[in-house]
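# Remarks on the overall topology
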Amino acid sequence: MTRSTGRPYLAIPGPSVLPDQVLQAMQRPSPDIYQGELVDMVPGLIADLKAIARTSHQLAIYISNGHGAWEAALSNVLAPGDRVLVLATGLFAQGWAEVARGVGAQVEILDFGRDSAIDPARLARALEADAAHRIKAVMAVHVDTSTSVRSDIAALRQAIDGVGHPALLLVDCIASLACDRFEMDAWGVDVMVAGSQKGLMTPAGLGFVFFNDRADRARGRCPTSSYWDWRSRAAPEAFYQYFGGTAPTHHLFALRQALAMIKDEGLENTWARHGLLARSYWAAVEAWGQTGPLRLNVADPAQRSHAVTTLLLEPPQARDLRAWLSAHTGVTLGIGLGMDSPDDPQADGVFRIGHMGHLNAQMVFGVIGAIEAAFQALSIPHGSGALEAAAKVIAQKVIAQPGRA
């Protein structure tokens, strides 16, 4: 007898669950890419993406994953030999640093470990030491998907401005966009990168680079390729220039539906929902952790992502837990990435729960119940009352905001 027959649930931190409405939006013949519905809808789609990023500046769309968006952003603001300062809180900042090296940048890394946010004071000291202003850009990940650490981006801008340094601020919001509060213009971010497959509830394959005028001025001295050049994409003379060629037609129909869903809910409500559901997971983990080895990777709730939670067990308990859940319940949890060692990409003592995008309370309860069953089946010590603790959080009164992005 199997216990996993039925609809599986992908509780990994991206790609996230696709809403039925998004899947249905893609079930259509290929459209005309020269005129008609597809061409007409893209300006509104771009406007809605800017509203979610909280920016009035420019946006370039790439047919790529997040790694492509990383390279696109760097290719437009860095010339070979430029120095960048990377603020690392996990594997993905380290990965972005490797892409910077690939475009010819000289990379300096400030590593803040794997369980705490970026320290703005340490950033300020590093920039003060750069009296010649050789550092052209500061690169940070808002939410590192490997560690679930969330950093205070507004504080980074304050640190840069506080020492009078001219470096651009580049931020990766691939895991956080439409999940954790992000305010590009208000927080002074010059370039932001994101992807379609997480909070935006769209299949993987679209990369987004938002940039302001200050970043665009740096573009003039950078020898980027015609494909990565963001200027034609942000202000195209012809429709195909939005995408560097043939439009990603069905991804755009999917994204149009996903953005409509976010707009209907209201961005403030979307952020609030992610916060509430994240706290319900944390409450369950704290109940389990009263007896046994399970613990949250990030101790300070203010530094935890609302999109993903990284959890620690004794090796190889996390590996066994993931395997049992997949085989017996239809729930798939995220693997550990770079937590035990930079050379260990699938740490046996680490797992991650993705709670981003298309998510509600009953989905959270289902994952908590499945993990509870796995603990019992595998004889992993744990405390009681996890579902009750999560339910208490969910039962809190939430004040609704107007339904607008």
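Look above for the structure.
Model, not experiment: these values are computed from the prediction.

## What to know about the nonpolar core
Within the largest apolar cluster, 61 residues are counted, with the highest numbers of intra-cluster contacts made by Leu49, Leu87, Met192, Leu200 and Phe208. Counting residues per element, this core draws most heavily on helix α2 (residues 37–53), at 9 residues. The residues touching Leu87, leaving out its near neighbours within four places in the chain, are Ala93, Leu110, Phe112, Ile118, Leu123, Val138, Met139, Ala140, Val141 and Leu156. Grouped together as the second largest cluster of nonpolar side chains are 35 residues, Leu277, Leu296, Val364 and Val367 included.

## Concerning the sheet that holds strand β11 (residues 295–296)
Within the open sheet, the 5 strands sit side by side as β1-β13-β14-β12-β11. Their pairing is mixed. The sheet terminates laterally at β1 (9–11) and β11, the two strands that pair on one side only. Both β1 and strand β13 (residues 331–335) contribute to a ladder of 3 bridges, which runs parallel. Counted as the bridge partner of Ala11 is Leu333 from β13. Helix α11 (residues 317–328) contacts β13 and β14 (350–354) of the sheet and is inclined by roughly 155 degrees relative to β13.

## Digging into the sheet that holds strand β5 (residues 135–141)
In a beta sheet, neighbouring strands pair by backbone hydrogen bonds and run either parallel or antiparallel. One open sheet holds the 7 strands; their spatial order is β2-β10-β9-β8-β5-β3-β4, and the pairing between them is mixed. In this open sheet, the two edge strands, each paired with only one partner strand, are β2 (58–63) and β4 (106–111). Averaged over all pairs of adjacent strands, the angle between their axes in this sheet comes to 20 degrees, without regard to strand direction. Pairing between strand β9 (residues 191–195) and strand β10 (residues 206–211): 5 bridges, direction antiparallel.

## Focus: the packing of aromatic side chains
According to the stated counting rule, one finds 9 aromatic pairs in the structure shown. Both rings, one in Tyr62 and one in Trp228, keep their centres 5.5 Å apart while their planes meet at 55 degrees; by these two values the pair is tilted. Of this pair, Tyr62 sits in strand β2 while Trp228 sits in the loop between α7 (213–219) and α8 (230–234), placing them 166 residues apart in sequence. The class of Tyr62 is buried, set by a relative accessible area of 0%.

## Regarding unusual backbone geometry
The omega torsion of the bond from Gly14 to Pro15 falls at 0 degrees, within 30 degrees of zero and hence cis. Of note, Pro15 is situated in the loop between β1 and α1 (20–26). For the bond running from Pro315 to Pro316, omega is 0 degrees, close enough to zero to count as cis. Looking at the secondary structure, you find Pro316 in the loop between β12 (308–312) and α11. A positive phi angle, close to 60 degrees, is found at Met201, a residue other than glycine. In this fold, Met201 is placed in the loop between β9 and β10. Of note in the backbone geometry, Ser379 takes a positive phi value of approximately 55 degrees without being a glycine.

Rules of the game
Residues numbered from 1 in each chain as written. Predicted model: local features only at pLDDT ≥ 70, side-chain atom pairs only at ≥ 80, totals over all residues. Heavy atoms only, no water. Core = buried A, V, L, I, M, F, W, Y, C linked by side-chain atoms within 4.5 Å. Buried < 20%, exposed > 50% of the residue type's maximum accessible area, 1.4 Å probe, protein only. Helix = DSSP H or I, 4+ residues; strand = E, 2+ residues; numbered from the N terminus. Contact = heavy atoms within 4.5 Å. Pairing = 2+ DSSP bridges. Axes fitted to C-alpha atoms, helices over the stretch in contact; angles between N-to-C directions. Phe/Tyr/Trp six-rings, centres within 6.5 Å; stacked < 30°, edge-to-face > 60°.

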